[in-house]
Amino acid sequence: MKQIALTVNGRKVEAAVEPRTHLADFLREHLRLTGTHLGCEHGVCGACTIEIGGAPARSCIAFAVGCDGLEIRTIEGFDDDAVMAELREAFSAEHALQCGYCTPGMLIAARDIVARLPDADDKRIRLELAGNLCRCTGYLGIVNAIKRVLADRRKGVAAAKPATPLVSMPFVSFKSTNAASSALAAAAVPAAMETPKGGWTEMAESFTVHKPPAEVWRAFADLPMVASCLPGAELDEHDALNVNGRMRVKLGPIAASFAGAATMERDGAGMRGTIKGAGSDGGTGSRTRGEVEYALGLAPGGETRVSVTIRYSLQGPLAQFSRSGVARDLARRLIGQFAANLDAKLDPARAGASVGATQGLDVGALIWAWIREKFARLLGRPQS
Amino acid sequence: MKAAKFDYARPRDLAEATKLLAQGNGAAKALAGGQSLGPMLNLRLARPGLLVDISRLEELKAVSDGGDHWRIGAGVTHSRLEDAAGRMPGAEMICLVAAGIAYRSVRNRGTIGGSLAHADPAADWPLALAALGATVEIAGPKGKRRVAAQALMSGAFTTALDDAELIAGVTVPKLSAKARWGYYKFCIKPGEFPEASAAVVFDSARNAARVFIGALDGPPVALSGIAVAVAASGALPGAAEIDAAVARAAPSLDAVDRRLHAAVLSRALQQAVAP
């Protein structure tokens with residue numbers, strides 16, 4: 001527990017809070033200020049919008065402990081506020097609410113619009129309200145209520161001058177010797193294909209190992225060595241064709257550790273194999289099943305071309321992130337890292353060169369890819 | 001949804017913050033505006049042992065005029081940059097980009113440094129700052145170092161920062177009076193992450209021609225061929241040329257996404273070359 005002291009609606013409040021308690025829960029459960037409503041609880045719906053330090057913010061993704069020393073104003077704190085009084089009247093007159101769940105957040109967002117954008121038109125009001133969801137009104141009444149207050153406040157005030165259009169200079173052509181370029185990962189690693197099939201995501205990748213196929217094939221039988229090339233993988237026990245182990249995944253703030261088992265099939269004549277496995281992550285409560293098919297072929301110069309097809313399905317919270325361009329990017333980098341490590345293991349002389357072949361992947365970052373398409377689209381999360 | 005348990009620390013200065021992160025040994029995570037990390041904590045996708053709250057560090061909040069550049073502290077919120085429109089000559093693009101991020105109640109808390117460190121491939125700052133040729137100032141236990149904005153992000157949610165490092169600020173070269181630029185993104189709903197985005201900057205005074213597309217699988221990608229061509233001609237390239245350049249820059253895009261990115265790039269370029 002952490003001791004905090006803050007001001008809520010002009011009143012000094014002291015309390016001991018768990019760091020994980022978000023501000024909305026603190027206001028509702030500790031202070032009984034239940035005018036702040038919780039909808040999505042991950043910063044999307046706007047129902048919990050309050051003011052922190054005089055500016056609208058989402059109280060579900062602010063932590064009470066982080067508001068120590070700050071001024072908080074909830075919907076209960078606007079009783080004597082002139083703009084809010086006008087908005088209350090206008091919301092009533094324009095039927096700007098039905099069930100009322102979004103209303104506290106709407107009112108605080110609306111007051112911000114009135115204060116900040118006195119000349120806002122219909123389109124601007126709708127844009128500004130995009131972060132507050134209402135499932136009853138279709139927004140028309142809310143937009144009209146805000147327009148009504150803006151119009152009332154404009155009465156008697158000289159019409160604002162239309163903004164002077166920016167005078168921009170004509171485009172001056174020039175011969176650029178300073179054009180930005182970026183090293184394309186795609187140039188080093190062939191494009192992957194990704195096709196979702198019945199809840200399974202499939203992607204194909206390939207890479208080159210600078211040793212002949214027979215040698216790479218033998219190396220692939222050495223499970224501890226193969227695992228040591230895969231960032232984040234750890235073997236607990238294994239025999240020739242079965243492994244128990246863990247795969248740590250770290251992607252930005254997301255971390256998971258899948259524990260599970262896999263079995264292997266190897267076809268020495270065709271130099272191809274299959275790995276089937278399943279695992280679960282206690283932390284996020286996610287489960288996965290997956291299958292890797294690989295085949296070795298002769299590449300120019302006596303080197304080995306390794307073709308890999310990965311199929312996986314994911315259940316649980318992390319599943320919201322699967323079937324994704326992000327997953328593809330990660331898988332590509334993971335395979336790049338694996339290939340570089342494998343090269344270095346098979347030929348220590350290549351150790352220096354192979355690090356550079358990882359396209360800038362931070363060697364310390366342990367990557368495995370079951371991550372979302374676009375966080376926002378699937379979770380409906382706003383951007384920060 | 002409630003976050004899993006974590007410990008919380010609010011360091012007094014940057015040095016203490018990096019020290020706490022170093023001691024965390026990978027289990028500590030910096031918290032700036034928390035507008036991306038907050039949802040991930042609530043969804044329990046992120047479960048750090050310790051949150052190091054840097055949102056109150058005054059030394060990260062300065063915006064200063066460096067003559068030929070603006071220096072923006074990592075802790076500066078999007079809304080502060082939005083509200084600085086008209087008062088930051090040479091940084092007009094910065095103010096416009098800031099105004100288009102998420103929603104006002106998110107912009108009031110979310111920070112430029114937090115967005116860069118989070119490294120969402122579809123976020124605005126990694127793209128805009130790459131196009132502007134900005135430099136990112138990184139503070140760590142061993143002192144400060146500088147990285148080009150376009151080199152900060154190495155993949156989705158992955159940056160050049162190590163566990164104990166923080167972004168201290170960004171330095172953005174001022175656009176000259178001759179500069180032309182464009183910024184365009186396509187979002188299904190206003191405030192959401194875009195499906196496709198593009199930022200272009202042409203500044204003959206600095207001999208800079210920078211064309212980037214974003215909202216890809218990984219970091220924003222530069223299209224230097226298009227940049228050189230547009231700088232020389234001052235005209236919008238043909239649709240086929242743009243399409244081919246996008247296909248080369250991001251070969252894993254499917255046909256629909258490629259057209260989307262090409263259309264978005266074309267609109268950004270149009271803003272820059274329009275009379």
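From a predicted model like this one, the values you see are computed outputs, not experimental measurements.

Reading guide: rules and limits
- Position numbers for residues start from 1 in each chain and track the written sequence from start to end.
- The lettering of chains begins at A and the numbering of ligands begins at 1, in the order of writing.
- The model is predicted, so local features are restricted to residues of pLDDT at least 70 and side-chain atom pairs to those at 80 or more, both for listing and for counting; the totals for chains, interfaces and linings are taken over all residues.
- Working from all heavy atoms in the structure, the side-chain values ignore hydrogens and water.
- Going along the chain from the N terminus, every DSSP run of H or I of four or more residues is numbered as a helix, and every run of E of two or more is numbered as a strand.
- Buried, partly exposed and exposed residues are distinguished by accessible area as a fraction of the type maximum, computed with a 1.4 Å probe on protein chains only: under 20%, between the cut-offs, and over 50%, respectively.
- Working definition of accessibility: Shrake-Rupley area with a 1.4 Å probe, residue cover restricted to the visible protein chains.
- Strand pairing is assigned whenever DSSP identifies at least 2 bridges connecting the two strands.
- Here the axes come from fitting lines to C-alpha atoms, over the contacting stretch only for helices, and the angles between their N-to-C directions go from 0 to 180 degrees.
- For every residue, the pLDDT score states the predictor's confidence, bounded by 0 at the bottom and 100 at the top.
- Pairs of residues are marked as contacts when any of their non-hydrogen atoms sit within 4.5 Å.
- Salt bridge criterion: a side-chain nitrogen from Lys or Arg within 4 Å of a carboxyl oxygen from Asp or Glu.
- Two N or O atoms form a polar contact when they lie within 3.5 Å of each other; inside protein one atom must be a possible hydrogen donor and the other a possible acceptor, and for residues adjacent in sequence the pair counts only when both atoms belong to side chains.
- Amino acids are sorted into nonpolar (Ala, Val, Leu, Ile, Met, Phe, Trp, Tyr, Cys and Pro), charged (Asp, Glu, Lys and Arg) and polar (every other residue, Gly among them).
- This arc is built from the directions going out from the helix axis to the C-beta atoms.

(A) The overall build of chain A, seen in detail. When helices and strands are counted, chain A shows 11 helices and 13 strands. Buried positions account for 49% of the 384 residues belonging to chain A. Surface exposure of chain A reaches about 17,500 Å², of which carbon and sulfur atoms provide 54%.

(B) Structural view of the sheet that holds strand β6 (residues 135-140) of chain B. Residues and elements named next belong to chain B. An order of β4-β5-β10-β6-β7 is seen for the five strands of this open sheet, with the pairing classed as antiparallel. Each end of this open sheet is capped by a strand with a single partner; those strands are β4 (63-65) and β7 (143-148). On average, adjacent strands in this sheet sit at an angle of 20° to one another, irrespective of strand direction. Pairing of β4 with strand β5 (residues 69-73) involves three bridges; the strand directions are antiparallel. If you follow D65 over to β5, its bridge partner there is W70.

(C) Quick look at the confidence of the model for chain A. All names here are of chain A. Here chain A averages 83 in pLDDT, and 80% of its residues register 70 or above. In this model, residues 184-193 is a region of pLDDT below 50 whose contacts with residues beyond four sequence positions or in other chains number 23 contacts. Below pLDDT 50 for its whole length, residues 354-384 participates in 122 contacts with residues either more than four positions away or in separate chains.

(D) Quick peek at the interface of chain B and chain A. Residue-level contacts link 92 residues of chain B with 84 residues of chain A. Seen at the junction of chain B and chain A, the total is four salt bridges. The partner of B:R10 in a salt bridge is A:D68, and the shortest N-O contact between them spans 2.9 Å. Remark: the boundary between chain B and chain A carries 17 residue pairs in polar contact (both at pLDDT 80 or more). With seven residues, helix α9 (residues 224-233) of chain B is the largest single contributor of residues to the side of chain B that touches chain A. Taken together, the residues of the side of chain B that touches chain A sort by class into 43 nonpolar, 23 polar and 26 charged.

(E) Expanded view of helix α10 (residues 239-249) of chain B. All names here are of chain B. Residues of α10 that are buried include every one of I242, D243, A245, V246 and A249, and no others. Buried residues along α10 cover an arc of 165° about the axis, so they all sit on one side. Facing away from the buried side of α10 by over 90 degrees, the exposed positions are A240 and R248. Each element contacted by the buried residues of α10 is listed here: β13 (208-214), β14 (221-222), α9 and α11 (255-273).

(F) Molecular detail of the pairing of strand β10 (residues 254-267) of chain A. All names here are of chain A. Bridge count for strand β9 (residues 242-251) against β10 is 10 bridges, and the pairing is antiparallel. Bridged to G245 within β10 is G260. Two successive antiparallel strands, β9 and β10, enclose a turn made up of two residues, where G252 displays a positive phi of approximately 55°. Where β10 meets strand β11 (residues 272-281), 10 bridges bridge the pair, whose relative direction is antiparallel. Residue pairing in the sheet places R266 in a bridge with G273 of β11. Joining the antiparallel neighbours β10 and β11 is a turn of four residues, in which M271 adopts a positive phi near 50°.

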